[in-house]
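A closer look at the structure
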Amino acid sequence: MKTSELIKEIDNLELAEKILLVEDIWDSIARNNDKLPLPLWQRVEIEKRYANYKSGDLKLHDWQNVHEDLRKKYR
């Protein structure tokens, strides 16, 4: 099926159906995330951060505190 045909079909869906379709597409991407390209610089950065985490050299922040701090900062 051509992309233009697919878009026409999607346009005919109800909003709830479109949302479910997006969820299904995202799940499909997640199942195959090991096939997504990862540039070397990103891989190096991830490995560095993970090593810092494992060694205890990384200061962790609770997401709720970070969220509240950001809300205060940008009010």
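Everything in this summary refers to the structure shown in the same document. What you see is a predicted model, and the numbers here were worked out from it, not measured in a lab.

1. Looking at the overall build of the chain
Each helix and strand in the chain was counted, giving four helices and zero strands. Seen in sequence order, the chain has helices and strands lined up from the N terminus as α-α-α-α. The C-alpha atoms of the chain give a radius of gyration of 20 Å, which is well past the 11 Å a tight globule of 75 residues would have. Here the chain holds 75 residues, and 0% of them are scored as buried.

2. A look at the pattern of salt bridges
Taken as a whole and judged by the stated rule, the model has two salt bridges. The partner of Lys48 in a salt bridge is Glu45, and the shortest N-O contact between them spans 3.3 Å. Taken together, the residues span about one helical turn, with Lys48 and Glu45 both in helix α3 (residues 40–55) at a distance of three residues. For Glu45, a relative accessible area of 26% corresponds to the partly exposed category. With its nearest N and O atoms 2.8 Å apart, the salt bridge here joins Glu45 to Arg49. Linking Glu45 with Arg49, this pair stays in helix α3, spanning four residues, or about one helical turn. On the basis of relative accessibility, which here comes to 53%, the residue Arg49 falls in the exposed class. Each of Glu45, Lys48 and Arg49 takes part in salt bridges that share partners, so that together they form one network.

3. So, a nonpolar patch on the surface
A contiguous nonpolar patch, built from Ile25, Trp26, Ile29 and Leu36 and spanning about 430 Å² of accessible area, is present on the exposed surface. Within the secondary structure layout, Trp26 lies in helix α2 (residues 15–31). For Trp26, a relative accessible area of 60% puts it in the exposed group.

4. Re α3
For α3, which comprises 16 residues, the first-to-last C-alpha distance of 22 Å matches the rise-based estimate of 22 Å (1.5 Å per residue) to within 8%. Trailing α3 by a residue or two, Gly56 shows a phi angle of about 85 degrees, which is positive.

5. What to know about the environment of Leu6
Take Leu6: it is sitting in helix α1 (residues 3–11). Residue classification places Leu6 among the partly exposed residues on the basis of a relative accessible area of 43%.

Quick notes on the rules
- Residues numbered from 1 in each chain as written.
- Predicted model: local features only at pLDDT ≥ 70, side-chain atom pairs only at ≥ 80, totals over all residues.
- Heavy atoms only, no water.
- Helix = DSSP H or I, 4+ residues; strand = E, 2+ residues; numbered from the N terminus.
- Rg over C-alpha atoms; globule rule 2.2 N^0.38 Å.
- Buried < 20%, exposed > 50% of the residue type's maximum accessible area, 1.4 Å probe, protein only.
- Salt bridge = Lys/Arg side-chain N within 4 Å of Asp/Glu carboxyl O.
- Patch = residues over 30% accessible without salt bridge, like charges linked within 9 Å, V, L, I, M, F, W, Y side chains within 5 Å.
- Areas by Shrake-Rupley, 256 points an atom, 1.4 Å probe, with all protein chains shown as cover.
- Expected span 1.5 Å × (residues − 1).

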